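An overview of the molecular structure
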Amino acid sequence: MARQWYQRRVHGDSHIGCGGWWSSFGEMGSVTKEEMDRKEAEVSELEMLKELTPDSETGEKVVKGEGVKLKAEMTLLNGCTVIVGCIIGSGIFVSPTGVLQATGSVNLSILVWTVCGLFTMIGAYCYAELGCMIKKSGADYAYIHVSFGPLAAFIRLWIECIIVRPCTGAIQSPSFSLYILKPFFPECDPPDEATRLLAASCLCLLCFINCYSVRLSNMVQDYFTYAKVFALILICITGFVQLGRGRTEYFTWDDTETDPSVIALSFYSGLFAYTGWNYLNFIIEEMKDPVRDLPRAIFISCVACLVIYVLTIVAFHTTLSTAEVLGSEAVAVTFANRLYGRMAWVIPIFVSCSTFGAVNGLLLTSSRLFYAGAREGQMPGVLTMISVTRTTPVPSVMVITGLSLLYLTSSNIVQLMNYV
């Protein structure tokens, strides 16, 4: 009734002549107080109907003008798990070989790992300040767009979306496969076809999870981050035990590389292992209190990862020689086989959890980069679409997954790392 009254009064004949106005004025005298109160209530209801419109799919009321958008559900703990979960992926388990190969000695490799961590912290603190000033999803793309204009942002966007992010997914998912299959092939490497097939299955499963629910993807990120941190702490504790036994014979400067151009290559592998320190900025619009939580999450996560990484490398070299590390594709598994006996299978499982969570974090954050670029008109408009029932950027998640599957056709992980 209220809607009909509104349409009759507002959308009816608005060109009322003098007689009409005089008649209306004359009728006011006969209107009772109860009728006036009833009409005021109807007007209030109509104003509410104008501001709130029910969504056709869910029936939930959405504020008019805002439409469907990504929900702000992330807390400080979620932010920490996103950063730690994205940083601690396959790098710490794959990159020790690359860093040691380029440095030549154990001591120099530990120094490179430390310098890479400090360098990462400097960049992360700069991003914390930028994120508090420019509270837009997209991280470096959004900051370049605001600072240098659309052209520079366009170039950065397409490099990140077409090369960097998909390549990272193609590196991390085979690492998940390698560690999950290693217990079944203790004396040799798993078949390449099986490794890539399982990696593709990992990508497709996480694509479904990120399309289905943001809350579910955050839950996956949280629990798999706990698993990977537990695994690394277990390795670090083992390293302390080995140091207590006097196992320091491999910590030398022997065979240290002196060519600066070769040493520089070690930073490629080291910095790759720290990739992910800026990923929370890509989803800053989904944080409940970004100004308060973003700097805290970055500080806590970067310091924790630096300490854990250096202690993990030290732990590896308390047991494994330079030749053993260089000859192993799964350093953590070789380490566990030497020390844990029948319980050696625990480390591959936890390492698989680590890389699985890292791939989930990659899809979670990269899809928002595609979404942010499309929102600015620099990527296909279909990527701005959000599921009405799930409030997830389904097209963006599917595109980043498809590109990662494309790069997965290459089985040379080290080549992809240098390419990125």
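Above this text you will find the structure in question.
Here we summarise the structure given alongside this text. Remember, predicted model here, so these are calculated numbers, not experimental data.

A count of helical and extended segments in the protein gives 17 helices and two strands. Classification of the 420 residues of the protein by burial places 49% in the buried group. Taking contacts inside the protein between residues at least 6 apart in sequence as the whole, the part at least 24 apart equals 80%. In the form shown here, the protein has an accessible surface area of approximately 20,200 Å², with 64% of it arising from carbon and sulfur atoms.

This paragraph deals with the environment of Y223. Considering the arrangement of structural elements, one finds Y223 in helix α10 (residues 214–244). Residues Y223 and T81, spaced 142 residues apart in sequence, show a C-alpha to C-alpha distance of 8.6 Å.

Orientation of helix α8 (residues 150–181) relative to helix α9 (residues 192–212), taken along the N-to-C sense of each, is 115°, at an axis distance of 8 Å. Along this stretch, α8 crosses α9, giving a crossing that reads as right-handed. Side by side, α8 and α9 meet where G169, S173, P174, F176, S177, L178, I180 and L181 of the first sit next to A194, T195, L198, A199, C202 and L203 of the second. Taken together, the residues that form the contact of α8 with α9 break down as ten nonpolar, four polar and no charged.

A rise of 1.5 Å per residue sets the reference length of α10, with its 31 residues, at 45 Å; its end C-alpha atoms lie 45 Å apart and thus fit the reference within 8%. Structurally, the start of α10 carries an N-cap: the backbone nitrogen of R215 is 3.2 Å from a side-chain oxygen of S213.

As a further point, take the environment of R165. Along the chain, the position of R165 falls in helix α8. According to the relative accessible area criterion, R165 is buried, its value standing at 0%. Residues R165 and L362, 197 residues apart in the sequence, show an inter-C-alpha distance of 7.4 Å. Non-local contacts of R165, meaning those with residues more than four positions away in its chain, are made with E160, Y279, F282, L362, T365, S366, I400 and S404. A distance of 2.9 Å separates polar atoms of two side chains, one belonging to R165 and the other to E160.

With that out of the way, let us pick up the pattern of salt bridges. Counting across every chain of the model gives eleven salt bridges. Between E160 and R156 there is a salt bridge whose closest N-O contact spans 2.8 Å. Residue E160 and its partner R156 are located together in helix α8, separated by four residues, close to a single helical turn. When the shortest N-O distance is used, the salt bridge between R338 and E324 registers 2.6 Å. Highlighted residues: R338 in helix α14 (residues 331–339) and E324 in helix α13 (residues 322–326), separated in sequence by 14 residues. Judged by relative accessible area, which is 30%, E324 ranks as partly exposed. Where salt bridges share partners, they join D140, R156, E160 and R165 into one cluster.

Calculation rules
- Residues numbered from 1 in each chain as written.
- Predicted model: local features only at pLDDT ≥ 70, side-chain atom pairs only at ≥ 80, totals over all residues.
- Heavy atoms only, no water.
- Helix = DSSP H or I, 4+ residues; strand = E, 2+ residues; numbered from the N terminus.
- Buried < 20%, exposed > 50% of the residue type's maximum accessible area, 1.4 Å probe, protein only.
- Contact = heavy atoms within 4.5 Å.
- Areas by Shrake-Rupley, 256 points an atom, 1.4 Å probe, with all protein chains shown as cover.
- Axes fitted to C-alpha atoms, helices over the stretch in contact; angles between N-to-C directions.
- Left-handed = near helix turned anticlockwise from the far one by under 90°.
- Nonpolar A, V, L, I, M, F, W, Y, C, P; charged D, E, K, R; others polar.
- Expected span 1.5 Å × (residues − 1).
- Polar contact = N/O pair within 3.5 Å; in protein donor to acceptor, adjacent residues only side chain to side chain.
- Salt bridge = Lys/Arg side-chain N within 4 Å of Asp/Glu carboxyl O.

Note that every value here comes from positions in space, so none of it alone points to a role or purpose.
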